[in-house]
Amino acid sequence: MPIEEKPGQTGFVSRLSELTSTHTHWQRRLWQSGTLRLGDELLDSCINPEFPESALKDMKADLLAVTRDDRGIVNRKQLLAAIDKVKAGSADTGHAWLTLRAEVDRARTDYLEQWATVFESDKPIGTQDAARRIGAHLLDHGYHKSSIYTWLAQYARSPRMASVAEFLRDGQERLARPEKTYIFCVPVVTTPPFDVTAGAAPGWFDATETSGWKDAHAPDADTIRNQGSFLLTVDAREINTAVDRARAAVFDLQTKFVLGTRATATPVTICSRMWSREKKQAYGTSDTDRSIEIRAFERHGRISDLTAPPDHIVNALALLQPLRTSPPHIAVMSGWSAIESLLVGPGDTDNVAADRIAAIIAASALRAEFTDLAWAYARENTDTLATDIAEPQLTNLARAKLFQQRAADTTTPVQFENDRDRLALDRVLPALTDPSGEIGKLRTVLRREFARLYRKRNLIVHAGQTREHTLHAVSERLTPLIGAGIDRIVDAGFTRGTTPIQLAVQIETRTPYLTPATTTDAGNSLDLFD
């Protein structure tokens, strides 16, 4: 059932699809967490006696800000009042805490239904904001982005037309269902150093039993050479989240096998693939879907350079390496450590790095988007500007500036055939007239999310919370942003010898003085790195 959008409400489906696609460029991805996830985290922090009062004050301010503008909150007035009253050092039996808990839970129960009601009206809606908030809500409450993308594709292939409200009510119904049980058979490469019998090792199979399990439950899946296997059972809303949870369990088990086996023996080694009973196919046993790239090495011809870059870059790369495939808790720790190593100087508190990396990424996002739109214009048009943009000798910065001047022409607005490019243009058009304000808005959102990363890292390091259920979403959302920010840091180092903190200062001090773009002058909003 293709999803039909009312006039004044178009773009929701395209934007939600883009937010959940694995092929979306980093600046167009979902950055923010959902309102109610922030509410849950505030509740947890209130009852943590070691949580800093200043950090709690910041969390409350962030939650108040996002709640005021969230049209999916049916009890907004009551929720805002409850947020305002809760304090550091609260007890989970106290009046203020219990009130906030009740209001957050009520908002959660009605969230997608409330959005459905909003979309049923004939009034114009900020559909891009709606897509971000609804996408974040689904991800925060147990749906993997790949499953949301597939779900949207199923609607698109169906012969019956549906409304956005129907889609959202379908989502509300899905979230109300109990989690399903998924079973994975995980083969091992080495022969287990113990008796593989039902009595001695429940849940384990020898090689013959493993073959029998596969024939019965995943006959058409890839064959995996093994010396036995074991079964893992996880609960999840859908298969992709189940796979992520199984991978986390596999990592913990592999760590136990290695550290728990004496040095003279061969530890059990887990295969790189496992079979799903429910889907009857094979999945990888380690995280592989986080996207991070530091393209500055390629741009500056440094890939073949065997000499080491400056120490701060070497150290950051070492810390970034685990982000692509390591479990979420390691990705969170390593990601923050890389940021902190670059952006915290003498006399600084380590949490200042959240705002500094946010400033760098916000400036980079605007530059990246105008570059993508310039190339999109060149693909869709045959005029002189399209030819100029496609000129091979031109830099991407020059292309972006040419497109800025064209986009500033309000007498003949730019039209894109591609929905995603059209929506991206709508997002960045305000930056042509108020670049300082728009970069400031991006920076605010990014600062909030990187402050969350810092808090998650502290919970892992100081409280050992390696299995906290939001870590996967946090690591997946922020990894591409970390890569983009550090790419600009590396580029500035290669180009001008600028240190990371110097770059942050440069952006912070120049942003208030940015000039608008016109049809004859692109302004200086894209020059923050030069």
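For the structure, check the block above.
Residues numbered from 1 in each chain as written. Predicted model: local features only at pLDDT ≥ 70, side-chain atom pairs only at ≥ 80, totals over all residues. Heavy atoms only, no water.

Student: I'd like to hear about the overall build of the protein chain, residue by residue, with values.
Tutor: Looking only at helices and strands, the protein chain features 20 helices and seven strands. If you line up the protein chain on its principal axes, its C-alpha atoms span 80 × 60 × 55 Å. Scored against the burial criterion, the 530 residues of the protein chain give a buried share of 52%. Considering only residue pairs separated by 6 or more positions, the protein chain has 74% of its internal contacts joining residues 24 or more positions apart. For the protein chain, the computed accessible surface area is about 24200 Å², with 52% contributed by carbon and sulfur atoms. Both charge centroids of the protein chain, one from 64 positive and one from 69 negative side chains, sit 2 Å from each other. (Helix = DSSP H or I, 4+ residues; strand = E, 2+ residues; numbered from the N terminus. Buried < 20%, exposed > 50% of the residue type's maximum accessible area, 1.4 Å probe, protein only. Contact = heavy atoms within 4.5 Å. Areas by Shrake-Rupley, 256 points an atom, 1.4 Å probe, with all protein chains shown as cover. Lys, Arg positive; Asp, Glu negative; His and termini not counted. Charge placed at Lys NZ, Arg CZ, Asp CG, Glu CD.)

Student: Requested: an account of the pairing of strand β6 (residues 273-276), with residues and values cited.
Tutor: The pairing of strand β3 (residues 180-187) with β6 spans two bridges and is classified as antiparallel. Of the residues in β6, the one forming a bridge with Phe184 is Ser276. In terms of strand pairing, β6 meets strand β7 (residues 282-284) through three bridges, oriented antiparallel. Note on β7: the bridge partner recorded for Met274 is Tyr283. (Pairing = 2+ DSSP bridges.)

Student: Please give an account of the packing of aromatic side chains that cites residues and values.
Tutor: Overall, the coordinates contain 15 aromatic pairs when judged by the stated rule. Between Trp115 and Phe119 the ring centres are 6.2 Å apart and the planes differ by 45 degrees, which places this aromatic pair in the tilted class. Taken together, the residues span about one helical turn, with Trp115 and Phe119 both in helix α5 (residues 95-120) at a distance of four residues. Considered together, Trp115 and Phe119 belong to a single accessibility category, that of buried residues. One aromatic cluster in this structure is built from Phe12, Trp115, Phe119, Tyr143, Trp151, Tyr155 and Phe167. Note that Arg302 overlies the ring of Phe494, its terminal NZ or CZ placed 4.1 Å from the centroid. A cation sits over an aromatic face here: Arg488 above Phe529, 4.6 Å from the ring centre. (Phe/Tyr/Trp six-rings, centres within 6.5 Å; stacked < 30°, edge-to-face > 60°. Lys NZ or Arg CZ within 6 Å of the ring centre and 35° of its normal.)

Student: Explain the sheet that holds strand β5 (residues 229-236) to me, and be specific about the residues and the numbers.
Tutor: Reading across the sheet, the five strands line up as β4-β5-β3-β6-β7 and stay open at both edges, with antiparallel pairing between neighbours. The open sheet terminates on both sides in strands that have one partner only, identified here as β4 (204-205) and β7.

Student: Got a sec to walk through the nonpolar core? Specific residues and values, please.
Tutor: In terms of nonpolar packing, the biggest core is built from 74 residues, with Ile339, Leu343, Phe403, Phe450 and Leu453 touching the most fellow members. A per-element tally of this core places helix α14 (residues 352-380) first, with 18 residues. Dropping the residues within four chain positions of it, Leu453 is found in contact with Val332, Trp336, Ile339, Val474, Leu478 and Ile482. Listed in part, the 51 residues of the second largest apolar core include Leu16, Leu38, Leu63 and Leu112. (Core = buried A, V, L, I, M, F, W, Y, C linked by side-chain atoms within 4.5 Å.)

Student: Describe the packing of helix α18 (residues 435-463) against helix α19 (residues 471-496), listing the residues and the values that go with them.
Tutor: Remark: α18 packs on α19, axes separated minimally by 11 Å, with the N-to-C direction vectors making an angle of 125 degrees. For the element pair α18 / α19, the angle class is oblique. The two elements α18 and α19 meet at a crossing, and its hand is left-handed. Contacts from Leu446, Glu449, Phe450, Arg452, Leu453, Lys456 and Ile460 of α18 reach α19 at Leu471, Val474, Leu478, Leu481 and Ile482. Per-class residue counts for the contact of α18 with α19 are nine nonpolar, no polar and three charged. (Axes fitted to C-alpha atoms, helices over the stretch in contact; angles between N-to-C directions. Parallel < 35°, antiparallel > 145°, perpendicular 65-115°, else oblique. Left-handed = near helix turned anticlockwise from the far one by under 90°. Nonpolar A, V, L, I, M, F, W, Y, C, P; charged D, E, K, R; others polar.)

Student: Give a detailed account of unusual backbone geometry, specifying residues and quantitative values.
Tutor: One non-glycine residue with positive phi stands out, namely Lys280, at about 60 degrees. Structurally, the position occupied by Lys280 is in the loop between β6 and β7. Judged by its relative accessible area of 44%, Lys280 falls in the partly exposed class.

Student: Please give an account of the side chain of Arg452 that cites residues and values.
Tutor: Mapping Arg452 onto the fold places it in helix α18. A relative accessible area of 4% means that Arg452 is categorised as buried. Apart from the residues lying within four places of it in its own chain, the contact partners of Arg452 are Ser33, Arg37, Leu38, Glu41 and Val474.

Student: Could you give me a rundown of the pattern of salt bridges, with the residues and numbers involved?
Tutor: In the structure shown here, the tally under the stated rule is 41 salt bridges. Glu120 is the partner of Arg169 in a salt bridge, and the nearest nitrogen-oxygen pair spans 2.8 Å. Placement of the pair is Arg169 in helix α8 (residues 164-176) and Glu120 in helix α5, with a sequence separation of 49 residues. A salt bridge links Asp129 to Arg133, with the shortest nitrogen-to-oxygen separation between them at 2.9 Å. On the criterion of helical spacing, the pair formed by Asp129 and Arg133 is a turn pair, its members being four residues apart in helix α6 (residues 127-140). Asp129 gets classed as partly exposed once you look at its relative accessible area, which sits at 24%. Using a relative accessible area of 10% as the deciding quantity, one classes Arg133 as buried. A network of salt bridges, in which partner residues are shared, links Arg15, Glu18, Arg28, Glu369, Asp421 and Arg427. (Salt bridge = Lys/Arg side-chain N within 4 Å of Asp/Glu carboxyl O.)

Student: Could you give an account of the environment of Asn48, naming the residues involved and the relevant values?
Tutor: Along the chain, Asn48 turns up in the loop between α2 (35-46) and α3 (53-68). Within polar-contact distance, the side chain of Asn48 engages the backbone nitrogen of Glu50 at 3.0 Å. (Polar contact = N/O pair within 3.5 Å; in protein donor to acceptor, adjacent residues only side chain to side chain.)

Student: If you had to explain the pairing of β5 to someone new, which residues and values would you point to?
Tutor: Two elements, β3 and β5, share eight bridges in a ladder whose sense is antiparallel. Following the sheet pairing, Pro187 is matched in β5 by Ser229. Inspection of the sheet shows β4 paired to β5 by two bridges, in the antiparallel sense. Paired with Trp204 across the two strands is Phe230, which belongs to β5.

Student: Give a description of the environment of Glu5 that names residues and reports values.
Tutor: Note on placement: Glu5 falls in the loop between β1 (3-4) and α1 (12-19). Considering only alpha carbons, one finds Glu5 and Val164, 159 residues apart in sequence, at a separation of 6.5 Å. One polar contact links the side chain of Glu5 to the main-chain amide nitrogen of Gly11, over a distance of 3.1 Å. For Glu5, the side chain forms a polar contact with the main-chain nitrogen of Val13, separated by 2.8 Å.

Function cannot be inferred from these measures alone, as they are strictly geometric.
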